[in-house]
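Here are the chains, one letter per residue:
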Amino acid sequence: MEAPVDPDELDDAIGEQLVRIARRSVEHYFEARELMPTPEGLPPVAYRPGAAFVTIETYEGESRSLRGCIGFIEPVRPLVRSVIEVAVEAAFNDPRFMPMQRDELETVTFEVSVLSRLEEAPRTPQGRLAFVKIGRDGLVVERGIYRGLLLPEVPVENLWDPETFLSETCIKAGLWPDCWRDERVKVYRFRTATWREETPKGPVRRRDLAAEYAEALRARGLALPQST
């Protein structure tokens with residue numbers, strides 16, 4: 001079996017292609033009501049197993065609001081296939097939203113995040129706090145049948161510190177907010193490479209989440225959280 005894709009392998013050219021494919025996947029589904037075929041001629045890395053999320057946001061000037069976000073945590077399909085499938089899921093099957101309407105394609109942006117493998121955190125509260133770096137890590141919290149994931153951009157956009165990020169991921173999993181302090185609860189981190197349309201159908205750029213976080217904190221006169 002081929003090695004799964006690591007986000008550090010991907011350059012901006014393939015990132016832009018993946019974002020364009022995510023949009024085309026949804027356009028194709030509107031036309032044919034079926035998943036689009038896998039495109040040919042992409043770099044070989046696109047056909048290796050890859051975990052990916054697609055985030056769709058409603059774009060209003062400088063303001064964005066979530067419209068759908070779904071993905072694969074594990075590299076269960078070729079990367080390009082993962083993007084095609086989860087783009088449609090984010091557009092039509094995110095349970096938080098009504099299915100997308102065709103005219104929304106002109107007012108939404110597409111974002112693709114490619115995930116690294118999961119790394120388990122230490123079992124102590126202090127170890128877990130030190131394990132998490134805002135602007136680099138996404139988190140997964142798991143206990144039994146309960147599992148929740150938050151992408152790295154979520155704490156950046158909400159200006160959370162590591163403790164808040166851990167608590168919010170517990171809540172996303174349907175668990176109590178400080179469940180991350182319980183050694184029976186598993187906590188994992190992962191990295192991403194993320195590209196987003198700047199405007200609907202517009203230029204695609206890679207997001208530097210660490211820089212976004214630092215700039216947003218500076219704009220509010222806040223200091224970067226210190227590792228414990």
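Residues numbered from 1 in each chain as written. Predicted model: local features only at pLDDT ≥ 70, side-chain atom pairs only at ≥ 80, totals over all residues. Heavy atoms only, no water.

With that settled, consider helix α5 (residues 162–172). Taken as a whole, α5 has its buried residues at Pro162, Phe165, Leu166, Ser167, Thr169 and Cys170. Packing partners of the buried residues in α5 comprise α3 (125–131), β5 (137–143), β6 (146–150), α4 (153–158) and β7 (186–197). Looking one or two places after α5, you find Gly174, whose phi comes out positive at around 80°. (Buried < 20%, exposed > 50% of the residue type's maximum accessible area, 1.4 Å probe, protein only. Helix = DSSP H or I, 4+ residues; strand = E, 2+ residues; numbered from the N terminus. Contact = heavy atoms within 4.5 Å.)

Taken as a whole, the largest pocket spans an internal volume of roughly 790 Å³. Counting residues per element, the ones that place at least two in the lining of the largest pocket are β1 (51–60), β2 (63–71), β6 and α4. When residues of the lining of the largest pocket are assigned to their parent elements, the largest contribution, 6 residues, is made by β2. Partitioning the lining of the largest pocket into residue classes produces 11 nonpolar, 6 polar and 15 charged. (1 Å grid on protein atoms, 1.4 Å probe; cavity = no way out; pocket = protein on both sides within 12 Å on 5 of 7 lines; lining within 4 Å. Points joined across faces, edges and corners; volume = space filled by probe spheres on them. Nonpolar A, V, L, I, M, F, W, Y, C, P; charged D, E, K, R; others polar.)

The subject of this paragraph is the pairing of β2. Bridge count between β1 and β2: 8 bridges; the pairing is antiparallel. Note that in β2 the partner of Thr58 across the bridge is Ser65. Where β1 folds back onto β2 in an antiparallel hairpin, the turn is made up of 2 residues, including Gly61, whose phi is positive at roughly 65°. (Pairing = 2+ DSSP bridges.)

Here helix α2 (residues 79–92) is 14 residues long and its end C-alpha atoms lie 20 Å apart, about the 20 Å a rise of 1.5 Å per residue gives. Among the 14 residues of α2, 13 are classified as buried, and the element is accordingly described as predominantly covered. (Expected span 1.5 Å × (residues − 1).)

What follows concerns the pairing of β6. Pairing of β5 with β6 involves 5 bridges; the strand directions are antiparallel. Bridge pairing in β6 links Val141 to Gly148.

On to the side chain of Arg189, then. By the element assignment, Arg189 lies in strand β7. Within the local environment of Arg189, its side chain forms a polar contact with the backbone oxygen of Phe131, the two atoms lying 2.7 Å apart. Not counting residues within four places of it along the chain, the set of residues in contact with Arg189 comprises Arg117, Leu118, Glu119, Phe131, Arg136, Asp137, Gly138 and Leu139. (Polar contact = N/O pair within 3.5 Å; in protein donor to acceptor, adjacent residues only side chain to side chain.)

Most peptide bonds take the trans form, and the phi angle of most residues other than glycine is negative. With phi around 55°, Leu159 is a residue other than glycine that occupies positive phi space. Within the secondary structure, Leu159 is located in the loop between α4 and α5. By relative accessible area, Leu159 is classed as partly exposed at 22%.

This brings us to the packing of helix α1 (residues 12–32) against α2. Each pair of packed helices gets described by two things: the angle between the helix axes and the distance between those axes. The contact between α1 and α2 brings their axes to 8 Å, and the two run at 55°. The angle between the axes of α1 and α2 places the two elements in the oblique class. For the element pair α1 and α2, the recorded crossing hand is right-handed. Residues Leu18, Ile21, Ala22, Ser25, Val26, Tyr29 and Phe30 of α1 lie in contact with α2, whose contacting residues are Leu79, Val80, Val83, Ile84, Ala87, Val88, Ala91 and Phe92. (Axes fitted to C-alpha atoms, helices over the stretch in contact; angles between N-to-C directions. Parallel < 35°, antiparallel > 145°, perpendicular 65-115°, else oblique. Left-handed = near helix turned anticlockwise from the far one by under 90°.)

A few words now on the nonpolar core. If you look at the biggest cluster of nonpolar residues, it comprises 35 residues, and the most contacted ones within it are Val26, Val54, Val83 and Phe110. If you list the elements that add at least two residues to this core, you get α1, β1, α2, β3 (108–115) and β7. Ranked by residue count, the leading element in this core is α2, at 10 residues. Contact partners of Phe110, with chain neighbours within four places excluded, come to Val19, Ala22, Arg23, Val26, Val54, Thr55, Ile56, Leu105, Trp195, Arg196 and Glu197. Residues Leu139, Phe165, Cys179 and Trp180 belong to the second largest nonpolar core, which totals 22 residues. (Core = buried A, V, L, I, M, F, W, Y, C linked by side-chain atoms within 4.5 Å.)

Before going further, it helps to examine the state of the cysteines. Scanning the entire structure with this criterion turns up 1 disulfide. Cys170 shares a disulfide with Cys179; S-S distance 2.4 Å. Here the disulfide of Cys170 and Cys179 is left-handed, its torsion about the S-S bond being about -100°. What makes Cys170 buried here is its relative accessible area of 0%. Cysteine Cys69 shares no disulfide, and the gap to the nearest cysteine sulfur, in Cys170, comes to 19 Å. (Disulfide = S-S within 2.5 Å.)

Turning our eyes to something else, we now look at the side chain of Ser82. Tracing the chain through its elements places Ser82 in helix α2. Ser82 sits in the buried class, given a relative accessible area of 0%. At 2.9 Å, the side chain of Ser82 forms a polar contact with the backbone oxygen of Gly50. When residues no more than four places from it in sequence are discounted, the contact partners of Ser82 are Gly50, Ala52, Phe72 and Arg77.

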